[in-house]
Amino acid sequence: MVPVTPAAVPLRRNLRFQLLWVGSTIGFLGIEAADIGYPLTILALTGSPARAGLFGFVQSLAGVLLAVPAGQVVDRHDRRRVLLCAEGGRALAAASVAVALAAHHLTLTHLLVVAAILGAGSAFGGPARMLVVRAVVPSEQLTAALTQEEVREGTAVLVGPPLGGLLYAVRQALPFLFSAVTFTVSWLCVLVVRIPPRTGAAAQDEAGAAAPGGRFEGLRILLRDPVLRTSTLLIAVLNAVGVPLTLVAVVLLRDQGASPRAIGLAMAGLAIGTLAGTPLVRPLHRALRPGVLLIAFFLVETPILALLGVPLGPWWVGGLLILATVAMPALRVLIDVLIFRQVPDEVRGRVISAAILLFGIGSPVGVGVAGLLLEHLGPQGATLALAAVLALGGGYALSRRTIRAAQWPAES
């Protein structure tokens, strides 16, 4: 076991946090590499963009349906064990795809089952990982830790898609084998880290006491706040458009004759934008109120998405994806800080899961609709339709006084 790190040490020397960060970074790398392989594999298997969209729909739907029960599980049980189960399940699911491809027995049904397992792993593993990180990081270092988490995701998105495209070009099963290995590494990193025991009401809840407020307390906490309630709806719209963006870009570039490797390189724009936006978190928070930042995001994203349909090749798509993701770290860190700083530990899992549910409720709808749009309108028509949705969301945001006047929470 990794020894307990004193709370006073700098974040860079916090061995528990850094080991968890390394493991999750490697795991995210595997996710991003496989995320290129899944739609390409389904397109090769069925030739149908709608069925490729069905994979993402099932994965997102599983995450949404399991979000609320996952929150109660995370609050009532050892969070490290929940995370180990989630990572182990996802490793086995990815490995099963690689084995089925090697044996030439992969079916769409098999892939949809894998999609459900991956979605369940995210529902349970997402809040569990956030709370495990919170348990090993002092409150005064939380913002720095969350910013480093954004670097993790940006790095994985930068390296994963081109690596996944390259692996797929070499052999179809390699992205999924690689994903299984990275989930295993992440599982091992969690296994060797010791987590401080929970205290007070949180410890009583884990020992079997009645959970304060019940299963839906997290939803009640979020929906009582008018700013969070309205922001939740807006972020759901962003997710409905943003989650299927990879599928839209893959089909768009495939129709233009781009190779799997070129598609992967174009998808790296998502990561470059995220990494470029990470150092902008604090400046953006200082310069813009939260509602203004959210409104500006809608207004900027709408024309970017519309321009995505212009058939100018992988570099054009990659450049637009960079512009589309620069402000994303500032939005994600805000939500994380709100949850971590304002919610007691004994209900924190339910609040995080409720946030995942409400923020992600548009994801399965967005993926499913995007697949149908691609099938019937083509990639150019799909991008224009999705841009129209963003325009409506931006108009709604501008009309809400509570969003325009919202203030950032005070630093702890």
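**With respect to the overall build of the protein chain**
Tallying secondary structure elements over the protein chain gives 19 helices and 0 strands in all. For 412 residues, the compact-globule estimate of 2.2 N^0.38 gives 22 Å, and the protein chain sits close to it at 20 Å. Across the 412 residues of the protein chain, 54% fall into the buried class. If you take every contact in the protein chain between residues at least 6 apart in sequence, the share linking residues at least 24 apart comes to 86%. Carbon and sulfur atoms make up 68% of the accessible area of the protein chain, which amounts to about 16,800 Å² in all.

**As for the confidence of the model for the protein chain**
With 90% of its residues at a pLDDT of 70 or more, the protein chain has an overall mean of 81. Across residues 1-7, where pLDDT falls below 50, the model places 20 contacts with residues more than four positions away in sequence or in other chains. Within the model, pLDDT remains below 50 along residues 201-210, and this stretch shows 19 contacts once partners closer than five positions in the same chain are excluded.

**Here we look at unusual backbone geometry**
Within the chain, H104 stands out as a residue other than glycine whose phi angle is a positive 60 degrees. Residue position: H104 is located in the loop between α4 (79-102) and α5 (108-136). For H104, a relative accessible area of 72% gives the class exposed.

**Section: a nonpolar patch on the surface**
On the surface, L61, L65 and L66 cluster together into a nonpolar patch covering about 240 Å² of accessible area. Tracing the backbone shows L66 in the loop between α2 (49-65) and α3 (67-76). Overall, the relative accessible area of 30% leaves L66 in the partly exposed class.

**A short note on the packing of helix α1 (residues 15-46) against helix α7 (residues 174-191)**
Running from amino to carboxyl end, α1 crosses α7 at an angle of 160 degrees, the nearest separation of the two axes being 8 Å. Relative to α7, α1 is oriented roughly antiparallel. Crossing hand, α1 versus α7: left-handed. Taken together, the residues of the contact of α1 with α7 sort by class into 15 nonpolar, 9 polar and no charged.

**What to know about the environment of Q407**
Within the secondary structure, Q407 is located in the segment after α19 (401-404). Taking the C-alpha atoms as reference points, Q407 and A271, 136 residues apart in sequence, are found 29 Å from one another.

The rules we used
Residues numbered from 1 in each chain as written. Predicted model: local features only at pLDDT ≥ 70, side-chain atom pairs only at ≥ 80, totals over all residues. Heavy atoms only, no water. Helix = DSSP H or I, 4+ residues; strand = E, 2+ residues; numbered from the N terminus. Rg over C-alpha atoms; globule rule 2.2 N^0.38 Å. Buried < 20%, exposed > 50% of the residue type's maximum accessible area, 1.4 Å probe, protein only. Contact = heavy atoms within 4.5 Å. Areas by Shrake-Rupley, 256 points an atom, 1.4 Å probe, with all protein chains shown as cover. pLDDT = per-residue confidence, 0-100. Patch = residues over 30% accessible without salt bridge, like charges linked within 9 Å, V, L, I, M, F, W, Y side chains within 5 Å. Salt bridge = Lys/Arg side-chain N within 4 Å of Asp/Glu carboxyl O. Axes fitted to C-alpha atoms, helices over the stretch in contact; angles between N-to-C directions. Parallel < 35°, antiparallel > 145°, perpendicular 65-115°, else oblique. Left-handed = near helix turned anticlockwise from the far one by under 90°. Nonpolar A, V, L, I, M, F, W, Y, C, P; charged D, E, K, R; others polar.

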